[in-house]
Amino acid sequence: MTQLTGTPKRRVAILISGRGSNMKSLVEAARAPNYPAEVAMVVSNRPDALGLEWAKAQGLPTLAMDHTHYEDRAHFDCQLSSVLQSAKIELVALAGFMRLLTESFVAAWHDKLINIHPSLLPAFKGLNTHQRALDAGVRVSGCTVHFVRTEMDVGPIIQQAAVPVLPSDSAEDLAARVLAAEHKIYPSALALVASGQAVVDGDQVRSTPQVNQQQTLFSPPLQ
Ligand code: GAR
């Protein structure tokens, strides 16, 4: 981690809708003294989200914004944006936040809004990714952290992880293998963004870390 002593940590809000296991991985990573971001707030659009309880128990500032109480998407997003601005949030991490965001929200948080998706984008955007990966017969799947653009599951890619798909996999088996990888790349990708090592250049991310060019995942293994 490249956080320099004395460099202020970037204030991050995590948006969730459910279980919040990715949120948990971000919160736990951010406890490291040299992590370049701090989790300043957790917001859920579902008051009964399991992750919200966990965040509360950690002593984090939490907010339930029940989307059903808002007239429409625009009103909800407008209120969400002003809450984040009042809390002096610098980066927003979507972690299983299962709501489409309006164009004006995405524009207001341009290059400050990131998302994790359980596939190797641009393959399998949208829902039900693991069953669709199995149906397509792919031998490798994975997860992606990317900057958010208005179009769903589109935006400059920050980091990806690939996992093998086994012939015996159910959608649940594959989801569990991908989720374990999600928990590793989300903290890593957020650190790249918060430390300024992942910078958007056009529609791609320029990032500085070294990549091991010899690392190839063969699935099935070479014979
Ligand atoms: C994760 O697998 C995440 O990638 C996915 O929802 C799950 C949330 O789990 N997000 C999407 O599909 C967004 N398009 P979590 O609440 O345990 O982090």
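This section reports on the structure supplied with the text. (Residues numbered from 1 in each chain as written. Predicted model: local features only at pLDDT ≥ 70, side-chain atom pairs only at ≥ 80, totals over all residues. Heavy atoms only, no water.)

Moving on, we get to the overall build of the chain. Summing up its helical and strand segments, the chain has six helices and nine strands in all. If one aligns the C-alpha atoms of the chain with their principal axes, the spans along those axes are about 60 × 45 × 35 Å. Looking at the chain alone, contacts between residues at least 24 apart form 64% of all its contacts between residues at least 6 apart. Total accessible area on the chain is roughly 11600 Å²; 53% of this is exposed by carbon and sulfur atoms. For the chain, the separation between the mean place of its 19 positive charges and that of its 20 negative charges on side chains is 6 Å. (Helix = DSSP H or I, 4+ residues; strand = E, 2+ residues; numbered from the N terminus. Contact = heavy atoms within 4.5 Å. Areas by Shrake-Rupley, 256 points an atom, 1.4 Å probe, with all protein chains shown as cover. Lys, Arg positive; Asp, Glu negative; His and termini not counted. Charge placed at Lys NZ, Arg CZ, Asp CG, Glu CD.)

Moving on, we come to the site of the ligand. If you check the shell around the ligand, you find Arg-19, Gly-20, Ser-21, Asn-22, Gly-96, Met-98, Ile-116, His-117, Pro-118, Asp-153, Leu-179 and Glu-182 and nothing else. The side chain of Ser-21 places a nitrogen or oxygen atom 2.5 Å from an oxygen atom of the ligand. Take Asn-22: an N or O atom from its main chain is 2.9 Å from an oxygen atom of the ligand. Expressed as a share of its isolated accessible area of 450 Å², the protein-covered part of the ligand is 86%. Elements supplying a minimum of two residues to the shell around the ligand: α1 (21-29), β5 (113-117) and α6 (171-194). (Near = heavy atom within 4 Å. Polar contact = N/O pair within 3.5 Å; in protein donor to acceptor, adjacent residues only side chain to side chain.)

Three or four residues apart is the spacing at which side chains of an α-helix point the same way, because the helix has 3.6 residues per turn. For α6, built from 24 residues, the straight-helix expectation of 34 Å at 1.5 Å per residue is met to within 8% by its first-to-last C-alpha distance of 33 Å. Two residues or fewer after α6 comes Gly-196, characterised by a positive phi angle close to 80 degrees. (Expected span 1.5 Å × (residues − 1).)

Among the residues of helix α5 (residues 129-136), Thr-129, His-130 and Ala-133 are the ones counted as buried. Buried residues along α5 cover an arc of 95 degrees about the axis, so they all sit on one side. Considering only its buried residues, α5 is in contact with β5, β6 (140-147) and α6. At the C-terminal side of α5, Gly-137 shows a positive phi close to 75 degrees. (Buried < 20%, exposed > 50% of the residue type's maximum accessible area, 1.4 Å probe, protein only. Arc of directions from axis to C-beta.)

Moving on, we come to unusual backbone geometry. Here Leu-121 and Pro-122 are connected by a cis peptide whose omega angle stands at 10 degrees. Mapped onto the secondary structure, Pro-122 falls in the loop between β5 and α5. Its identity as a non-glycine residue notwithstanding, Asn-128 has a phi of 60 degrees, on the positive side. Relative to the helices and strands, Asn-128 resides in the loop between β5 and α5.

Within β6, seven of the eight residues are buried, leaving the element largely enclosed by the surrounding structure. Two strands pair when backbone bridges link them, and β5 and β6 are joined in this way by four bridges, in the antiparallel orientation. Residue pairing for β6: Ile-114 is matched across the bridge by Phe-147. Alignment of β6 against strand β7 (residues 157-164), held across seven bridges, turns out to be antiparallel. The partner of Gly-142 across the bridge, within β7, is Ala-162. (Pairing = 2+ DSSP bridges.)

Look at α1 against helix α2 (residues 50-57): their axes get within 10 Å of each other, and the N-to-C directions meet at 20 degrees. For the element pair α1 / α2, the angle class is roughly parallel. Every pair of crossing elements has a handedness; the one defined by α1 and α2 is right-handed. Where α1 abuts α2, its residues Met-23, Lys-24, Val-27 and Glu-28 lie against Gly-51, Trp-54 and Ala-55. In the contact of α1 with α2, the residues fall into four nonpolar, one polar and two charged. (Axes fitted to C-alpha atoms, helices over the stretch in contact; angles between N-to-C directions. Parallel < 35°, antiparallel > 145°, perpendicular 65-115°, else oblique. Left-handed = near helix turned anticlockwise from the far one by under 90°. Nonpolar A, V, L, I, M, F, W, Y, C, P; charged D, E, K, R; others polar.)

Attention shifts here to the pairing of strand β8 (residues 198-201). Along β8, the buried face is formed by Ala-198 and Val-200; none of Val-199 and Asp-201, which line the opposite face, is buried. Two strands pair when backbone bridges link them, and β8 and strand β9 (residues 204-207) are joined in this way by four bridges, in the antiparallel orientation. Bridge assignment links Asp-201 to a residue of β9, and that residue is Gln-204. Counting the residues that bridge the hairpin from β8 to β9 gives two residues, and of these Gly-202 lies at a positive phi of roughly 70 degrees.

Scope: geometric values only; no functional claims are made or implied.
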